[in-house]
Amino acid sequence: MNFLKKLAPQMVAVAEAQTCSKSAIHTSAVCCRVQSGRYRITTKRNRPLTYEMANPPHYIGHRKSWNSWNTSTIKDGLRPSQTAIEDVFLRKFMTGTWHAMICSEVIIKRQHNTIRIAAIIRQAISARKMYFLIGYTEELLSYWMQCPVTLELQTVADKKDVVFKYI
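Structural notes, computed from the coordinates. (Residues numbered from 1 in each chain as written. Predicted model: local features only at pLDDT ≥ 70, side-chain atom pairs only at ≥ 80, totals over all residues. Heavy atoms only, no water.)

### As for the pairing of strand E4 (residues 114–122)
So, step 1. For strand E3 (residues 107–111) and E4, the ladder comprises five bridges, and the chain directions are antiparallel. Its bridge partner lying in E4, Gln 111 is registered against Thr 114.
So, step 2. Hairpin connection from E3 to E4: two residues lie between these consecutive antiparallel strands, with His 112 at a positive phi of about 55°.
So, step 3. Here eight bridges tie E4 to strand E5 (residues 149–156), and the two strands are oriented parallel to one another. Residue Arg 122 lies in a different strand from E5, and its bridge partner there is Val 156.
So, step 4. Following the chain from E4 across helix H5 (residues 127–145) to the adjacent parallel E5, one finds a crossover that is right-handed. (Pairing = 2+ DSSP bridges. Helix = DSSP H or I, 4+ residues; strand = E, 2+ residues; numbered from the N terminus. Right-handed = clockwise from strand over helix to strand, strands pointing away.)

See below:
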């Protein structure tokens, strides 16, 4: 303490004054508005939003559903961190394999040891290539995840068919 008094006497005096004073309450205005997870309105109102994107986060469970369905996050659930990392890997693999064709969010549903992946894709390639990509994706993911993986895909003619509103 003597060393500090010689070095910075003003700082020590402030520190001693703060420890001796009574504690005070600090209040601020309550901000109930949720800002995260919302999309900003553009000046020209030309940003397309799907139904999932148009609903803010506090409507999850009311108007929209979860993007990952699993039971690892409940109390005493097994391997929650591995499940989250696997979900990120599955989404990145899907967006890479089905490049520029996925029009909605990739929904992952885990039931027992089966993984079901749902998405809406564009009809940008021939049916033959689409069936190949479905088999390719299911086979590789089943091998890597060590469990059966099935794709549940819906197709739309154009990406504009999925637009819910413009902001």
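This is not the end of the story, as more comes after the structure.
### Looking at helix H4 (residues 80–97)
So, step 1. Here H4 spans 26 Å end to end across 18 residues, near enough to the 26 Å set by a 1.5 Å rise per residue.
So, step 2. Along H4, the positions that sit buried rather than exposed are Thr 83, Glu 86, Asp 87, Leu 90, Phe 93, Met 94 and Thr 97. Buried residues of H4 fall within an arc of 135° about the axis and therefore sit on the same side. What points out from H4, more than 90 degrees from its buried face, is the exposed set Ile 85, Lys 92 and Gly 96.
So, step 3. Residues of H4 that are buried in the fold lie against strand E2 (68–69), E3, E4, H5 and E5. (Expected span 1.5 Å × (residues − 1). Buried < 20%, exposed > 50% of the residue type's maximum accessible area, 1.4 Å probe, protein only. Arc of directions from axis to C-beta. Contact = heavy atoms within 4.5 Å.)

### A word on the packing of aromatic side chains
So, step 1. What the rule picks out here adds up to five aromatic pairs.
So, step 2. Both rings, one in Phe 93 and one in Trp 144, keep their centres 5.5 Å apart while their planes meet at 90°; by these two values the pair is edge-to-face. Of the two residues, Phe 93 is situated in helix H4 and Trp 144 in helix H5; the sequence distance between them amounts to 51 residues.
So, step 3. Linked through ring pairs, Phe 89, Phe 93, Phe 132, Tyr 136 and Trp 144 together constitute an aromatic cluster. (Phe/Tyr/Trp six-rings, centres within 6.5 Å; stacked < 30°, edge-to-face > 60°.)

### A look at the pattern of salt bridges
Working definition: two side chains of opposite charge can pair if their charged atoms are close together.
So, step 1. Under the defined criterion, the tally for this structure stands at four salt bridges.
So, step 2. With its nearest N and O atoms 2.8 Å apart, the salt bridge here joins Arg 110 to Asp 87. Of this pair, Arg 110 sits in strand E3 while Asp 87 sits in helix H4; the two residues are 23 residues apart in sequence, bridging distant segments of the chain.
So, step 3. Here Arg 110 falls in the buried class, since its relative accessible area comes to 18%.
So, step 4. Taking the relative accessible area as the measure of exposure, Asp 87 reaches 5% and is therefore buried.
So, step 5. The partner of Glu 152 in a salt bridge is Lys 109, and the shortest N-O contact between them spans 3.8 Å. Placement of the pair is Glu 152 in strand E5 and Lys 109 in strand E3, with a sequence separation of 43 residues.
So, step 6. Judged by relative accessible area, Glu 152 falls into the partly exposed class, the value being 30%. (Salt bridge = Lys/Arg side-chain N within 4 Å of Asp/Glu carboxyl O.)

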